[in-house]
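Commentary on secondary and tertiary structure
One letter stands for each residue in the lines below.
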Amino acid sequence: MILIENVAVATVDAADTCYGDGHAVVGDDGRIVAVGPGHAGRFHRSVRRVDGTGCLLTPGLVNTHHHLYQWATRGLALDETLFGWLTTLYPIWGRLDAEIVGAAAAAGLGWLALSGCTTTMDHHYVFPRDGGDVLAAEIEAARQIGLRFHPTRGSMDLGRKDGGLPPDNVVEDTDEALAATEAAIDRWHDPSPAAMLRIAVAPCSPFSVTSKLMSDSALLARRKGVRLHTHLAETGDEEEFCRERFGCTPVEYAERLGWLGDDVWLAHGVHLNESAIARLGATGTGVAHCPSSNARLGAGAAPVRQLLDRAVPVGLGVDGAASQEVSHLGAELRQALYTARTRGGPSALTAREALRLGTMGGARCLGRQDDLGSLEVGKLADVVLWRLDGLGHDGIDDKVAALVFGPPAPVELALVGGKPVVERGELVGADAENLARQARRARRRLLKAAR
Ligand SMILES: [Zn+2]
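Analysis parameters
Residues numbered from 1 in each chain as written. Predicted model: local features only at pLDDT ≥ 70, side-chain atom pairs only at ≥ 80, totals over all residues. Heavy atoms only, no water. Helix = DSSP H or I, 4+ residues; strand = E, 2+ residues; numbered from the N terminus. Rg over C-alpha atoms; globule rule 2.2 N^0.38 Å. Buried < 20%, exposed > 50% of the residue type's maximum accessible area, 1.4 Å probe, protein only. Contact = heavy atoms within 4.5 Å. Areas by Shrake-Rupley, 256 points an atom, 1.4 Å probe, with all protein chains shown as cover. Lys, Arg positive; Asp, Glu negative; His and termini not counted. Charge placed at Lys NZ, Arg CZ, Asp CG, Glu CD. Donors = N, O, S within 2.8 Å, 3.2 Å for Na, K, Ca; no water. Tetrahedral: all angles 85-135°; square planar, octahedral: opposite > 155°, others 65-115°. Pairing = 2+ DSSP bridges. Right-handed = clockwise from strand over helix to strand, strands pointing away. Axes fitted to C-alpha atoms, helices over the stretch in contact; angles between N-to-C directions. Parallel < 35°, antiparallel > 145°, perpendicular 65-115°, else oblique. Left-handed = near helix turned anticlockwise from the far one by under 90°. Nonpolar A, V, L, I, M, F, W, Y, C, P; charged D, E, K, R; others polar. Expected span 1.5 Å × (residues − 1). Bend = angle between axes of the 7 residues up to and from the residue. Phe/Tyr/Trp six-rings, centres within 6.5 Å; stacked < 30°, edge-to-face > 60°. Core = buried A, V, L, I, M, F, W, Y, C linked by side-chain atoms within 4.5 Å.

A few words now on the overall build of the protein chain. A count of helices and strands for the protein chain gives 14 helices and 17 strands. Taken over C-alpha atoms, the radius of gyration comes to 21 Å for the protein chain, in line with the 22 Å a tight globule of 451 residues would show. Oriented by its inertia axes, the alpha-carbon framework of the protein chain measures out at about 70 × 45 × 40 Å. Burial statistics for the protein chain: of 451 residues in total, 61% are counted as buried. Put simply, of all contacts in the protein chain between residues at least 6 apart along the chain, 75% involve residues at least 24 apart. Looking at the protein chain as shown, the accessible area adds up to about 16,700 Å², and 50% of this sits on carbon and sulfur atoms. If you average the places of the 47 positive and of the 56 negative side-chain charges in the protein chain, the two averages end up 3 Å apart.

As structure tokens, this is what we get:
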């Protein structure tokens, strides 16, 4: 058991309950057995006691959009639009293999853990023919770092010769992609409430996937009872592509293919009109909001206030490290707040709403709201203890405001299912310098192969 006390607590429960001085207790089954104000009662057995003085306890952050392999191609195509950036990087990504993806994923996952993330998805959609088992490689990396992991089996089958954006040698055959996706679900997906590993189905985007693969993917996911994810409404270029090719907006296109529903979450949702926002709300379709990536690529700013007002489940995503080199989920809380306020003024998003996006909102996107996303008795003990008594946060009395408005806070302790993955700002399952070294080696090999 672990007892955390003398700590400020933001539970992110339905009433947004906070305690200025409170406690939380984690049971041996990896779930929360108590959370409340003041001290916990006495325990007549061995407990690890953690003194949270100067810290804030929150639910662990949930990352709803990422491409871990992109850690190997950070800092390239720095001044491009999405389409320019993609066409620069596709040929490099065509040389990925399992070893490179494993090293990049371990680095990306380690960095995420240090940024307060306890659950992440990954969207992997590049499967070179002779690249080995890249999905297995990133799953192994997640086990090493200790994060709860929702990798998606992505896919692309619309190459340049058929009017798509990617070169023909990085896309797959439609039926092969579907068969590989089904095999990944059969091999890895764990539907149990405490699952550390779940698979979702994730064809890449309207401009890299055929309508057939989109609609067959939806059928497959529903037959298997897993969730659906894709990029949608990210840029003006994508909107133009959809209007020219399909005669409709991206959200209308998604609806036509069976892609709206409460088992779907979409990355970005930047270019949405009123009726699109209403359809997302009415169908319970989630949105992975990636404000830093959208800013880096100059794609625009998602209408988060309007999405929340229509009851759309909204989570936060760092997106791939090649389109958002910071890749820090804790920092994304502030970026979400700033982005909403740049669009809609200072009342467009509060610090508590930003924290809710990063926790409960993310859990809803991944379909884990019954077990993750808030600090409540019976929920899984995925928690983060943020250190807020250093120079960067000192003097901000409201701890949630300090976390969101202040600089990225050091993680004193992060637990996943009650197991420590970060202690005093250091990874438990890996050495950060070693992760960087392995990733550097992988990157060198990748860039050399692509020359
Ligand atoms: Zn993405």
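Attention now moves to the coordination of the zinc ion. His-65 (NE2), His-67 (NE2), His-231 (NE2) and Asp-319 (OD) make up the full set of protein donors to the zinc ion, lying at 2.1 to 2.6 Å. For the zinc ion, the four donor atoms in the first shell make angles of 87 to 177° at the metal, so the coordination geometry reads as irregular. Counting the intervening residues between successive donors of the zinc ion yields the motif H-x1-H-x163-H-x87-D. Of this pair, His-67 sits in the loop between strand S6 (61-63) and helix H1 (82-93) while His-231 sits in strand S10 (residues 227-232), and the two are 164 residues apart along the sequence. Classification of His-67 as buried rests on a relative accessible area of 2%.

The next point concerns the pairing of strand S9 (residues 200-203). Side-chain alternation along S9 places Ala-200 and Ala-202 on one buried face and Val-201 and Pro-203 on a second face that is also buried. When strand S8 (residues 148-155) meets S9, the two strands line up parallel, connected through four bridges. Pairing of Thr-152 across the sheet is with Ala-200, part of S9. Of the crossover connections in this fold, the one passing from S8 over helix H4 (residues 174-188) to the parallel S9 is right-handed. Where S9 and S10 come together, two bridges link them in parallel fashion. Its bridge partner lying in S10, Val-201 is registered against Leu-228. Each parallel crossover has a hand, and the one from S9 via helix H5 (residues 211-224) to S10 is right-handed.

On to the packing of helix H11 (residues 329-344) against helix H12 (residues 351-365). Remark: H11 packs on H12, axes separated minimally by 9 Å, with the N-to-C direction vectors making an angle of 125°. Here H12 runs oblique to H11, going by the angle between their axes. The hand of the H11/H12 crossing is right-handed. Taking contact as the criterion, the partners of Leu-333, Ala-336 and Leu-337 in H11 are, on H12, Ala-351, Ala-354, Leu-355, Leu-357 and Gly-358. A per-class count over the contact of H11 with H12 returns seven nonpolar, one polar and no charged.

Tracing the backbone through its elements, the reader meets Met-360 in helix H12. The exposure class of Met-360 is buried, given its relative accessible area of 15%. Between the C-alpha atoms of Met-360 and Val-421, which are 61 residues apart in sequence, the distance is 20 Å.

This brings us to the environment of His-289. By the element assignment, His-289 lies in strand S12 (residues 286-289). It is 8.1 Å that separates the C-alpha atoms of His-289 and His-65, two residues lying 224 residues apart in sequence. Those residues in contact with His-289 that sit more than four places away from it in its chain are Ala-302, Val-304, Val-314, Gly-315, Leu-316, Gly-317, Ala-336 and Thr-339.

On to H12. The end-to-end C-alpha distance of H12, which contains 15 residues, comes to 20 Å, matching closely the 21 Å that a straight helix rising 1.5 Å per residue would cover. Of all the bends in H12, the largest measures some 40° and sits at Leu-357. Most of H12 is tucked away, with eleven of its 15 residues classed as buried. Among the residues making up H12, those that are buried are Ala-351, Ala-354, Leu-355, Leu-357, Gly-358, Thr-359, Met-360, Gly-361, Gly-362, Ala-363 and Cys-365. Of the residues flanking the end of H12, it is Gly-367, one or two places downstream, whose phi is positive at about 75°.

Glancing now at the packing of aromatic side chains. Per the stated rule, a full pass over the model turns up nine aromatic pairs. Judged by centre distance (5.1 Å) and plane angle (90°), the rings of Tyr-69 and Trp-93 are edge-to-face. Highlighted residues: Tyr-69 in the loop between S6 and H1 and Trp-93 in helix H1, separated in sequence by 24 residues. Both residues of the pair, Tyr-69 and Trp-93, belong to the buried class. On the numbers, 6.1 Å between centres and 70° between planes, the contact of Phe-241 with Phe-246 is edge-to-face. Under the relative-accessibility criterion, Phe-246 is labelled buried at 16%.

The biggest cluster of nonpolar side chains holds 127 residues, and the ones touching the most others in it are Trp-85, Leu-86, Trp-93, Leu-109, Leu-147 and Trp-259. With eleven residues, helix H2 (residues 98-114) is the largest single contributor of residues to this core. Apart from residues lying up to four places away in sequence, Leu-147 is in contact with Leu-109, Leu-112, Ala-113, Cys-117, Thr-118, Thr-120, Ala-142, Met-196, Val-416 and Val-421. Of all hydrophobic cores here, the second largest spans 16 residues; its members include Val-26, Ala-381, Val-383 and Leu-413.

The next thing to look at is unusual backbone geometry. Although it is not a glycine, His-268 adopts a positive phi angle of roughly 95°. Take His-268: it is sitting in strand S11 (residues 264-268). Note on His-268: relative accessible area 0%, which makes it buried. The phi dihedral of Ala-311 is positive, around 65°, even though this residue is not glycine. Mapped onto the elements, Ala-311 comes out in the loop between helix H10 (304-309) and strand S13 (314-316).

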